[in-house]
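# Understanding the architecture of this molecule
Next come the chains, spelled out residue by residue.
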Amino acid sequence: MYKINENYLKLPGSYLFSTIGKKVRAFEAANPDKKIIRLGIGDVTQPLAPAIIEALHSAVDEMSQAETFRGYAPDLGYEFLRNVIAQKDYKDRGCAIEADEIFVSDGAKCDSGNIQEIFSVDNKIAVCDPVYPVYVDTNVMAGRTGEYDELTQNFKDVIYMPCLAENGFAPELPTETPDLIYLCFPNNPTGATITKAQLQEWVDYANRVGAVIIYDAAYEAYIVEPEVPHSIYECEGARTCAIELHSFSKNAGFTGVRLGYTVVPKDLKCGDVTLHSLWARRHGTKYNGAPYIIQRAGEAVYSEKGQAQLKEQIAYYQKNASTILQGLKEAGYTVSGGVNAPYIWLKAPNGMTSWEFFDYLLEKANVVGTPGSGFGANGETYFRLTAFGSYENTVEAIDRIKAL
Ligand code: MLT
(Lines give C-alpha, C1' and ligand atoms only; values in the text may rest on other atoms or scores of the structure.)
Protein backbone atom coordinates (compact mmCIF):
# COMPACT_ATOMS: atom_id res chain seq x y z
CA MET A 1 0.00 0.00 0.00
CA TYR A 2 1.37 3.36 -0.94
CA LYS A 3 2.00 6.06 1.62
CA ILE A 4 1.47 9.77 1.24
CA ASN A 5 3.89 12.55 2.18
CA GLU A 6 2.51 13.08 5.67
CA ASN A 7 4.31 16.40 5.96
CA TYR A 8 1.43 17.86 3.95
CA LEU A 9 -0.89 17.02 6.84
CA LYS A 10 1.05 19.40 9.07
CA LEU A 11 -0.03 22.37 6.93
CA PRO A 12 -2.81 24.28 8.67
CA GLY A 13 -5.74 25.17 6.35
CA SER A 14 -5.42 25.87 2.64
CA TYR A 15 -3.06 28.29 0.92
CA LEU A 16 -3.81 31.83 2.13
CA PHE A 17 -4.88 33.25 -1.22
CA SER A 18 -7.03 30.21 -2.01
CA THR A 19 -8.91 30.72 1.27
CA ILE A 20 -9.46 34.38 0.47
CA GLY A 21 -10.60 33.54 -3.08
CA LYS A 22 -13.14 31.08 -1.73
CA LYS A 23 -14.54 33.59 0.79
CA VAL A 24 -14.82 36.32 -1.83
CA ARG A 25 -16.56 34.02 -4.33
CA ALA A 26 -19.10 33.05 -1.66
CA PHE A 27 -19.76 36.71 -0.83
CA GLU A 28 -20.09 37.54 -4.52
CA ALA A 29 -22.60 34.71 -5.08
CA ALA A 30 -24.70 35.91 -2.14
CA ASN A 31 -24.45 39.59 -3.16
CA PRO A 32 -24.44 39.75 -6.97
CA ASP A 33 -25.36 43.46 -6.96
CA LYS A 34 -22.26 44.57 -5.01
CA LYS A 35 -19.17 45.93 -6.79
CA ILE A 36 -16.23 44.29 -5.08
CA ILE A 37 -12.84 45.97 -5.21
CA ARG A 38 -9.94 43.53 -4.93
CA LEU A 39 -6.85 44.81 -3.15
CA GLY A 40 -5.98 41.38 -1.71
CA ILE A 41 -3.55 39.26 -3.71
CA GLY A 42 -0.74 41.28 -5.24
CA ASP A 43 -1.93 40.78 -8.79
CA VAL A 44 -1.32 43.53 -11.33
CA THR A 45 -4.11 45.16 -13.35
CA GLN A 46 -2.35 47.29 -15.97
CA PRO A 47 -1.85 45.75 -19.44
CA LEU A 48 1.58 44.67 -20.61
CA ALA A 49 3.65 47.60 -21.88
CA PRO A 50 3.63 48.14 -25.69
CA ALA A 51 7.34 47.22 -26.03
CA ILE A 52 6.60 43.86 -24.39
CA ILE A 53 3.56 43.20 -26.57
CA GLU A 54 5.65 44.00 -29.66
CA ALA A 55 8.32 41.53 -28.58
CA LEU A 56 5.68 38.87 -27.91
CA HIS A 57 4.11 39.34 -31.36
CA SER A 58 7.43 39.17 -33.11
CA ALA A 59 8.49 36.04 -31.18
CA VAL A 60 5.16 34.39 -32.02
CA ASP A 61 5.80 35.15 -35.71
CA GLU A 62 9.24 33.54 -35.42
CA MET A 63 7.56 30.39 -34.15
CA SER A 64 5.51 30.22 -37.37
CA GLN A 65 8.55 29.79 -39.66
CA ALA A 66 10.71 26.66 -39.83
CA GLU A 67 13.91 28.80 -39.99
CA THR A 68 13.15 30.69 -36.78
CA PHE A 69 11.04 28.15 -34.90
CA ARG A 70 12.37 27.17 -31.43
CA GLY A 71 11.68 24.00 -29.50
CA TYR A 72 12.91 23.33 -25.98
CA ALA A 73 14.57 26.37 -24.48
CA PRO A 74 18.06 25.94 -22.98
CA ASP A 75 17.27 24.69 -19.47
CA LEU A 76 19.03 27.58 -17.74
CA GLY A 77 17.59 30.27 -20.02
CA TYR A 78 18.45 31.89 -23.37
CA GLU A 79 21.77 33.75 -23.51
CA PHE A 80 20.08 36.91 -24.84
CA LEU A 81 18.04 37.20 -21.64
CA ARG A 82 20.71 36.11 -19.16
CA ASN A 83 23.20 38.58 -20.67
CA VAL A 84 20.87 41.56 -20.44
CA ILE A 85 19.88 40.65 -16.85
CA ALA A 86 23.54 40.37 -15.83
CA GLN A 87 24.28 43.76 -17.38
CA LYS A 88 21.25 45.81 -16.34
CA ASP A 89 20.29 44.33 -12.98
CA TYR A 90 23.83 43.68 -11.74
CA LYS A 91 26.87 45.09 -13.56
CA ASP A 92 25.25 48.51 -14.05
CA ARG A 93 24.66 48.55 -10.28
CA GLY A 94 28.25 47.57 -9.53
CA CYS A 95 27.37 43.96 -8.62
CA ALA A 96 29.72 41.22 -9.85
CA ILE A 97 27.22 38.72 -11.21
CA GLU A 98 27.86 36.86 -14.48
CA ALA A 99 25.24 35.69 -16.98
CA ASP A 100 26.03 32.03 -16.26
CA GLU A 101 25.09 32.55 -12.60
CA ILE A 102 21.53 33.46 -13.64
CA PHE A 103 18.87 30.75 -13.98
CA VAL A 104 15.76 31.83 -15.87
CA SER A 105 12.48 30.30 -14.69
CA ASP A 106 8.73 30.71 -14.89
CA GLY A 107 8.56 32.88 -11.79
CA ALA A 108 9.90 33.63 -8.34
CA LYS A 109 7.10 31.83 -6.51
CA CYS A 110 8.20 28.46 -7.95
CA ASP A 111 11.88 29.20 -7.35
CA SER A 112 11.27 30.35 -3.78
CA GLY A 113 9.41 27.11 -3.16
CA ASN A 114 11.83 24.84 -5.00
CA ILE A 115 15.17 26.23 -3.86
CA GLN A 116 14.96 24.46 -0.48
CA GLU A 117 15.29 21.12 -2.34
CA ILE A 118 19.04 21.52 -2.77
CA PHE A 119 19.52 21.66 1.01
CA SER A 120 19.47 18.83 3.53
CA VAL A 121 16.25 18.34 5.52
CA ASP A 122 18.38 18.73 8.65
CA ASN A 123 18.85 22.43 7.98
CA LYS A 124 17.13 24.88 10.25
CA ILE A 125 15.32 27.75 8.54
CA ALA A 126 14.80 31.25 9.88
CA VAL A 127 11.94 33.35 8.57
CA CYS A 128 10.48 36.75 9.28
CA ASP A 129 7.17 36.73 11.11
CA PRO A 130 4.96 37.81 9.31
CA VAL A 131 6.25 36.11 6.14
CA TYR A 132 5.27 35.21 2.57
CA PRO A 133 3.69 31.79 3.27
CA VAL A 134 5.46 29.95 0.42
CA TYR A 135 8.81 29.93 2.26
CA VAL A 136 7.40 28.13 5.29
CA ASP A 137 4.86 25.89 3.55
CA THR A 138 7.41 24.44 1.12
CA ASN A 139 9.76 23.64 3.98
CA VAL A 140 6.86 21.97 5.80
CA MET A 141 6.21 19.82 2.71
CA ALA A 142 9.88 18.85 2.67
CA GLY A 143 9.79 17.82 6.34
CA ARG A 144 12.14 20.49 7.63
CA THR A 145 9.91 22.29 10.13
CA GLY A 146 8.65 19.82 12.75
CA GLU A 147 5.07 19.84 13.98
CA TYR A 148 2.67 22.77 13.98
CA ASP A 149 1.73 24.18 17.36
CA GLU A 150 -1.90 25.41 17.28
CA LEU A 151 -1.32 27.58 20.31
CA THR A 152 1.66 29.58 19.06
CA GLN A 153 0.67 29.08 15.40
CA ASN A 154 4.31 28.26 14.75
CA PHE A 155 6.22 25.21 13.57
CA LYS A 156 8.38 23.74 16.30
CA ASP A 157 11.68 23.65 14.40
CA VAL A 158 11.49 26.99 12.60
CA ILE A 159 13.23 30.11 13.86
CA TYR A 160 10.74 32.96 13.65
CA MET A 161 12.16 36.49 13.58
CA PRO A 162 9.46 38.90 14.77
CA CYS A 163 8.88 41.93 12.56
CA LEU A 164 6.89 44.33 14.68
CA ALA A 165 6.10 48.03 14.80
CA GLU A 166 8.75 48.32 17.55
CA ASN A 167 11.58 47.18 15.25
CA GLY A 168 10.24 48.94 12.15
CA PHE A 169 9.11 45.53 10.81
CA ALA A 170 12.78 44.64 10.25
CA PRO A 171 14.06 41.37 11.76
CA GLU A 172 16.88 41.27 14.29
CA LEU A 173 19.69 38.72 14.04
CA PRO A 174 18.34 35.51 15.60
CA THR A 175 19.71 34.22 18.91
CA GLU A 176 19.53 30.61 17.70
CA THR A 177 21.77 29.99 14.68
CA PRO A 178 19.92 29.11 11.46
CA ASP A 179 21.29 27.35 8.35
CA LEU A 180 18.96 29.01 5.84
CA ILE A 181 17.66 32.53 6.25
CA TYR A 182 14.76 33.81 4.14
CA LEU A 183 14.70 37.58 3.68
CA CYS A 184 12.41 39.60 1.42
CA PHE A 185 12.96 43.34 0.91
CA PRO A 186 11.02 45.44 0.08
CA ASN A 187 8.98 43.17 2.26
CA ASN A 188 5.91 41.18 1.48
CA PRO A 189 3.61 41.64 3.42
CA THR A 190 4.68 44.67 5.49
CA GLY A 191 6.17 46.86 2.73
CA ALA A 192 9.13 47.54 5.07
CA THR A 193 12.68 47.95 3.78
CA ILE A 194 16.16 47.81 5.26
CA THR A 195 19.16 49.93 4.36
CA LYS A 196 22.28 48.63 2.66
CA ALA A 197 24.13 48.92 6.00
CA GLN A 198 21.49 46.74 7.70
CA LEU A 199 21.61 44.18 4.89
CA GLN A 200 25.42 44.15 5.14
CA GLU A 201 25.01 43.03 8.78
CA TRP A 202 22.97 40.04 7.57
CA VAL A 203 25.57 39.17 4.96
CA ASP A 204 28.39 39.39 7.53
CA TYR A 205 26.33 37.30 9.96
CA ALA A 206 25.57 34.61 7.36
CA ASN A 207 29.23 34.36 6.34
CA ARG A 208 30.25 34.18 10.02
CA VAL A 209 27.84 31.37 11.00
CA GLY A 210 27.93 29.51 7.66
CA ALA A 211 24.31 30.18 6.70
CA VAL A 212 22.78 30.85 3.29
CA ILE A 213 20.47 33.82 2.77
CA ILE A 214 17.65 33.29 0.29
CA TYR A 215 16.96 36.87 -0.70
CA ASP A 216 13.66 37.60 -2.41
CA ALA A 217 13.99 40.84 -4.38
CA ALA A 218 10.62 40.58 -6.16
CA TYR A 219 9.64 44.14 -5.24
CA GLU A 220 12.92 45.97 -5.87
CA ALA A 221 11.46 48.05 -8.73
CA TYR A 222 9.43 50.00 -6.15
CA ILE A 223 12.47 51.30 -4.27
CA VAL A 224 12.69 55.09 -4.29
CA GLU A 225 15.04 55.78 -1.39
CA PRO A 226 18.77 55.73 -2.24
CA GLU A 227 19.90 53.96 0.94
CA VAL A 228 17.72 50.92 0.19
CA PRO A 229 19.62 48.26 -1.80
CA HIS A 230 18.13 46.76 -4.98
CA SER A 231 20.17 43.58 -4.70
CA ILE A 232 21.91 41.72 -1.90
CA TYR A 233 25.00 41.60 -4.13
CA GLU A 234 25.47 45.30 -3.45
CA CYS A 235 26.81 44.05 -0.09
CA GLU A 236 30.37 42.87 0.27
CA GLY A 237 30.68 39.14 0.76
CA ALA A 238 27.20 38.28 -0.55
CA ARG A 239 28.63 36.06 -3.29
CA THR A 240 29.66 33.51 -0.66
CA CYS A 241 26.37 33.43 1.26
CA ALA A 242 23.39 34.58 -0.82
CA ILE A 243 20.97 33.33 -3.44
CA GLU A 244 18.72 36.00 -4.96
CA LEU A 245 15.23 35.56 -6.42
CA HIS A 246 13.69 37.91 -8.98
CA SER A 247 10.29 38.17 -10.55
CA PHE A 248 9.01 39.90 -13.69
CA SER A 249 5.52 39.97 -12.15
CA LYS A 250 5.65 43.17 -10.19
CA ASN A 251 8.10 45.26 -12.25
CA ALA A 252 6.64 44.37 -15.66
CA GLY A 253 3.17 42.93 -15.03
CA PHE A 254 4.05 39.29 -15.88
CA THR A 255 1.75 37.67 -13.27
CA GLY A 256 -0.18 35.94 -16.06
CA VAL A 257 2.80 35.55 -18.39
CA ARG A 258 5.22 33.96 -15.90
CA LEU A 259 8.92 34.75 -15.85
CA GLY A 260 11.52 35.05 -13.13
CA TYR A 261 15.13 34.25 -12.39
CA THR A 262 17.37 33.07 -9.59
CA VAL A 263 20.99 34.00 -9.06
CA VAL A 264 23.32 31.40 -7.56
CA PRO A 265 26.91 32.75 -7.49
CA LYS A 266 29.62 30.20 -8.18
CA ASP A 267 31.44 31.23 -4.97
CA LEU A 268 28.60 29.83 -2.88
CA LYS A 269 29.98 26.50 -1.70
CA CYS A 270 29.33 23.81 0.89
CA GLY A 271 32.80 22.27 1.23
CA ASP A 272 33.82 21.60 -2.37
CA VAL A 273 30.30 21.51 -3.76
CA THR A 274 28.90 24.62 -5.43
CA LEU A 275 25.20 25.31 -4.88
CA HIS A 276 25.26 26.47 -8.50
CA SER A 277 25.97 22.90 -9.65
CA LEU A 278 23.10 21.53 -7.54
CA TRP A 279 20.58 24.09 -8.76
CA ALA A 280 21.73 23.54 -12.36
CA ARG A 281 21.23 19.78 -11.88
CA ARG A 282 17.78 20.34 -10.44
CA HIS A 283 16.80 22.79 -13.17
CA GLY A 284 18.05 20.48 -15.92
CA THR A 285 16.23 17.47 -14.50
CA LYS A 286 12.90 18.95 -13.50
CA TYR A 287 12.42 21.90 -15.83
CA ASN A 288 12.35 22.53 -19.56
CA GLY A 289 12.85 26.26 -19.51
CA ALA A 290 10.57 29.27 -19.77
CA PRO A 291 9.01 29.57 -23.27
CA TYR A 292 11.01 31.36 -25.97
CA ILE A 293 8.30 33.95 -26.59
CA ILE A 294 8.16 34.81 -22.90
CA GLN A 295 11.93 35.13 -22.62
CA ARG A 296 11.85 37.53 -25.63
CA ALA A 297 9.19 39.50 -23.73
CA GLY A 298 11.53 39.50 -20.73
CA GLU A 299 14.34 40.87 -22.91
CA ALA A 300 12.04 43.74 -23.98
CA VAL A 301 11.66 44.73 -20.32
CA TYR A 302 15.28 45.94 -20.49
CA SER A 303 15.02 47.77 -23.83
CA GLU A 304 15.07 51.56 -23.80
CA LYS A 305 11.39 51.73 -24.76
CA GLY A 306 10.46 48.99 -22.29
CA GLN A 307 12.28 50.71 -19.44
CA ALA A 308 10.57 54.06 -20.13
CA GLN A 309 7.12 52.46 -20.34
CA LEU A 310 7.64 50.40 -17.19
CA LYS A 311 8.85 53.43 -15.28
CA GLU A 312 5.44 54.94 -15.95
CA GLN A 313 3.64 51.73 -14.99
CA ILE A 314 5.48 51.50 -11.68
CA ALA A 315 4.80 55.20 -11.03
CA TYR A 316 1.10 54.44 -11.56
CA TYR A 317 1.14 51.77 -8.83
CA GLN A 318 3.30 53.97 -6.61
CA LYS A 319 0.63 56.68 -6.88
CA ASN A 320 -1.93 54.08 -5.76
CA ALA A 321 0.32 53.21 -2.81
CA SER A 322 0.50 56.82 -1.65
CA THR A 323 -3.24 57.25 -2.19
CA ILE A 324 -3.86 54.30 0.16
CA LEU A 325 -1.23 55.39 2.65
CA GLN A 326 -2.44 59.00 2.85
CA GLY A 327 -6.13 58.09 2.77
CA LEU A 328 -5.81 55.59 5.61
CA LYS A 329 -3.75 58.02 7.67
CA GLU A 330 -6.45 60.66 7.21
CA ALA A 331 -9.03 58.10 8.31
CA GLY A 332 -7.05 57.58 11.54
CA TYR A 333 -5.48 54.18 10.77
CA THR A 334 -2.00 53.20 11.89
CA VAL A 335 -0.22 52.46 8.60
CA SER A 336 3.23 51.65 7.27
CA GLY A 337 4.89 50.42 4.07
CA GLY A 338 3.75 51.80 0.72
CA VAL A 339 6.82 54.00 0.15
CA ASN A 340 9.41 51.64 -1.40
CA ALA A 341 6.83 48.92 -1.83
CA PRO A 342 3.42 48.20 -3.38
CA TYR A 343 2.05 46.90 -0.06
CA ILE A 344 0.44 48.90 2.74
CA TRP A 345 0.35 47.36 6.19
CA LEU A 346 -2.28 48.63 8.59
CA LYS A 347 -3.45 47.88 12.07
CA ALA A 348 -7.02 46.61 12.23
CA PRO A 349 -9.10 49.16 14.19
CA ASN A 350 -11.00 48.71 17.45
CA GLY A 351 -9.17 45.57 18.56
CA MET A 352 -10.45 43.49 15.63
CA THR A 353 -8.54 40.39 14.57
CA SER A 354 -7.21 40.28 11.03
CA TRP A 355 -10.01 37.99 9.81
CA GLU A 356 -12.69 40.03 11.63
CA PHE A 357 -11.45 43.10 9.79
CA PHE A 358 -11.37 41.14 6.52
CA ASP A 359 -15.05 40.20 6.94
CA TYR A 360 -15.98 43.71 8.09
CA LEU A 361 -14.30 45.35 5.09
CA LEU A 362 -15.78 42.85 2.65
CA GLU A 363 -19.30 43.20 4.03
CA LYS A 364 -19.41 46.94 4.74
CA ALA A 365 -17.13 48.38 2.06
CA ASN A 366 -16.99 45.46 -0.42
CA VAL A 367 -13.21 45.79 -0.40
CA VAL A 368 -10.95 42.73 -0.33
CA GLY A 369 -7.62 42.85 1.49
CA THR A 370 -5.36 40.23 3.03
CA PRO A 371 -5.55 39.36 6.74
CA GLY A 372 -2.15 39.81 8.37
CA SER A 373 -2.54 36.65 10.44
CA GLY A 374 -2.36 34.66 7.19
CA PHE A 375 1.32 35.62 7.06
CA GLY A 376 2.12 34.44 10.58
CA ALA A 377 1.34 34.87 14.26
CA ASN A 378 2.88 38.35 14.40
CA GLY A 379 0.64 39.45 11.56
CA GLU A 380 -2.43 39.05 13.78
CA THR A 381 -4.45 42.30 14.08
CA TYR A 382 -2.72 43.59 10.92
CA PHE A 383 -4.05 43.80 7.38
CA ARG A 384 -2.43 44.20 3.94
CA LEU A 385 -3.70 46.23 1.02
CA THR A 386 -2.05 46.19 -2.40
CA ALA A 387 -1.38 49.09 -4.73
CA PHE A 388 -1.87 46.89 -7.82
CA GLY A 389 -5.53 47.83 -8.45
CA SER A 390 -6.60 50.44 -10.97
CA TYR A 391 -6.28 54.04 -9.78
CA GLU A 392 -10.06 54.55 -9.97
CA ASN A 393 -10.75 51.46 -7.86
CA THR A 394 -8.06 52.42 -5.38
CA VAL A 395 -9.57 55.86 -4.87
CA GLU A 396 -13.05 54.36 -4.55
CA ALA A 397 -11.87 51.73 -2.06
CA ILE A 398 -10.27 54.37 0.14
CA ASP A 399 -13.37 56.57 -0.07
CA ARG A 400 -15.49 53.61 1.03
CA ILE A 401 -13.13 52.81 3.92
CA LYS A 402 -13.14 56.46 5.00
CA ALA A 403 -16.94 56.44 5.00
CA LEU A 404 -17.21 53.46 7.40
C1 MLT B 1 1.04 38.25 -2.77
O2 MLT B 1 -0.07 38.75 -2.90
O3 MLT B 1 1.59 38.06 -1.69
C4 MLT B 1 1.76 37.85 -4.01
O5 MLT B 1 1.16 38.38 -5.12
C6 MLT B 1 1.74 36.42 -4.13
C7 MLT B 1 2.75 36.00 -5.13
O8 MLT B 1 3.46 36.80 -5.74
O9 MLT B 1 2.84 34.79 -5.28
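Parameters at a glance
Residues numbered from 1 in each chain as written. Predicted model: local features only at pLDDT ≥ 70, side-chain atom pairs only at ≥ 80, totals over all residues. Heavy atoms only, no water. 1 Å grid on protein atoms, 1.4 Å probe; cavity = no way out; pocket = protein on both sides within 12 Å on 5 of 7 lines; lining within 4 Å. Points joined across faces, edges and corners; volume = space filled by probe spheres on them. Nonpolar A, V, L, I, M, F, W, Y, C, P; charged D, E, K, R; others polar. Domains from an automatic or database assignment. Contact = heavy atoms within 4.5 Å. Buried area = accessible area lost by both parts, 1.4 Å probe. Salt bridge = Lys/Arg side-chain N within 4 Å of Asp/Glu carboxyl O. Polar contact = N/O pair within 3.5 Å; in protein donor to acceptor, adjacent residues only side chain to side chain. Helix = DSSP H or I, 4+ residues; strand = E, 2+ residues; numbered from the N terminus. Near = heavy atom within 4 Å. Areas by Shrake-Rupley, 256 points an atom, 1.4 Å probe, with all protein chains shown as cover. Expected span 1.5 Å × (residues − 1). Buried < 20%, exposed > 50% of the residue type's maximum accessible area, 1.4 Å probe, protein only. Pairing = 2+ DSSP bridges.

### Here we look at empty space enclosed by the protein
Taken as a whole and assessed by the stated rule, the structure comprises two cavities of 30 Å³ or more. Volume-wise, the largest cavity comes out at about 60 Å³. The wall of the largest cavity is formed by Asp89, Ala217, Ala218, Glu220, Ala221, His246, Ser247, Phe248, Asn251, Tyr261 and Tyr302. As a volume, the second largest cavity reaches approximately 30 Å³. Taken together, Cys128, Pro130, Val131, Tyr132, Tyr135, Tyr182, Leu183, Cys184, Asn187 and Asn188 make up the full set of residues lining the second largest cavity. Its residues placed into classes, the lining of the second largest cavity shows eight nonpolar, two polar and no charged.

### Let's talk about the domain arrangement of the chain
For the chain, the domain assignment lists domain 1 (6-47 + 305-402) and domain 2 (53-303). Placing the centre of domain 1 and that of domain 2 at their C-alpha centroids yields a distance of 24 Å. Across the boundary between the two partners, domain 1 contributes 36 residues, which contact 48 residues of domain 2. Interface of domain 1 and domain 2: buried area, both sides summed, is about 3,400 Å²; carbon and sulfur atoms make up 58% of it. Between the two partners, domain 1 and domain 2, sit one salt bridge. Summed over the shared surface of domain 1 and domain 2, the number is 16 residue pairs in polar contact (both at pLDDT 80 or more). Of all the secondary structure elements, the ones that give two or more residues to the side of domain 1 that touches domain 2 are helix H10 (304-330), strand S13 (335-337), strand S14 (343-347) and strand S17 (382-386). When residues of the side of domain 1 that touches domain 2 are assigned to their parent elements, the largest contribution, eight residues, is made by H10. Split by residue class, the side of domain 1 that touches domain 2 holds 18 nonpolar, 14 polar and four charged.

### Side note on the site of the ligand
In the vicinity of the ligand, the residues found are Phe17, Ile41, Gly42, Lys109, Tyr132, Asn188, Tyr219, Lys250, Tyr343 and Arg384. The separation between an oxygen atom of the ligand and a polar side-chain atom of Tyr132 is 2.5 Å. Protein chains bury 86% of the 270 Å² of accessible surface belonging to the ligand in isolation. Looking at the shell around the ligand, its residues break down into five nonpolar, two polar and three charged.

### Remarks on helix H6 (residues 196-209)
Helix length check: H6, at 14 residues, gives a terminal C-alpha distance of 20 Å against a target of 20 Å (1.5 Å per residue), a fit within 8%. Listed as buried for H6 are Leu199, Gln200, Trp202, Val203, Tyr205 and Ala206. Summarising the contacts, the buried residues of H6 are in contact with strand S6 (159-162), strand S7 (180-184) and strand S8 (212-216).

### Notes on unusual backbone geometry
Along the chain, Phe185 connects to Pro186 via a cis peptide bond; the corresponding omega equals -10 degrees. With respect to the helices and strands, the residue Pro186 is situated in the loop between S7 and H6. Between Asn188 and the following residue, Pro189, the backbone shows a cis peptide bond with an omega angle of 20 degrees. By the secondary structure assignment, Pro189 is in the loop between S7 and H6. Its identity as a non-glycine residue notwithstanding, Phe169 has a phi of 60 degrees, on the positive side. Take Phe169: it is sitting in the loop between S6 and S7.

### Focus: the environment of Arg384
With respect to the helices and strands, the residue Arg384 is situated in strand S17. Note on Arg384: relative accessible area 0%, which makes it buried. Placed 40 residues apart in sequence, Arg384 and Ile344 show a C-alpha to C-alpha distance of 5.6 Å. Separated by 2.6 Å, the side chains of Arg384 and Asn188 make a polar contact.

### Looking at the sheet that holds S17
Pairing within the open sheet is antiparallel, and its four strands lie in the order S13-S14-S17-S16. What marks the edges here is a single partner per strand, and that holds for S13 and strand S16 (370-371).

### Points about the pairing of strand S10 (residues 260-263)
The side-chain alternation of S10 yields two buried faces, one formed by Gly260 and Thr262 and the other by Tyr261 and Val263. Note that strand S2 (residues 102-105) and S10 share four bridges and pair antiparallel. If you follow Val104 over to S10, its bridge partner there is Tyr261. In terms of strand pairing, strand S9 (residues 242-247) meets S10 through four bridges, oriented antiparallel.

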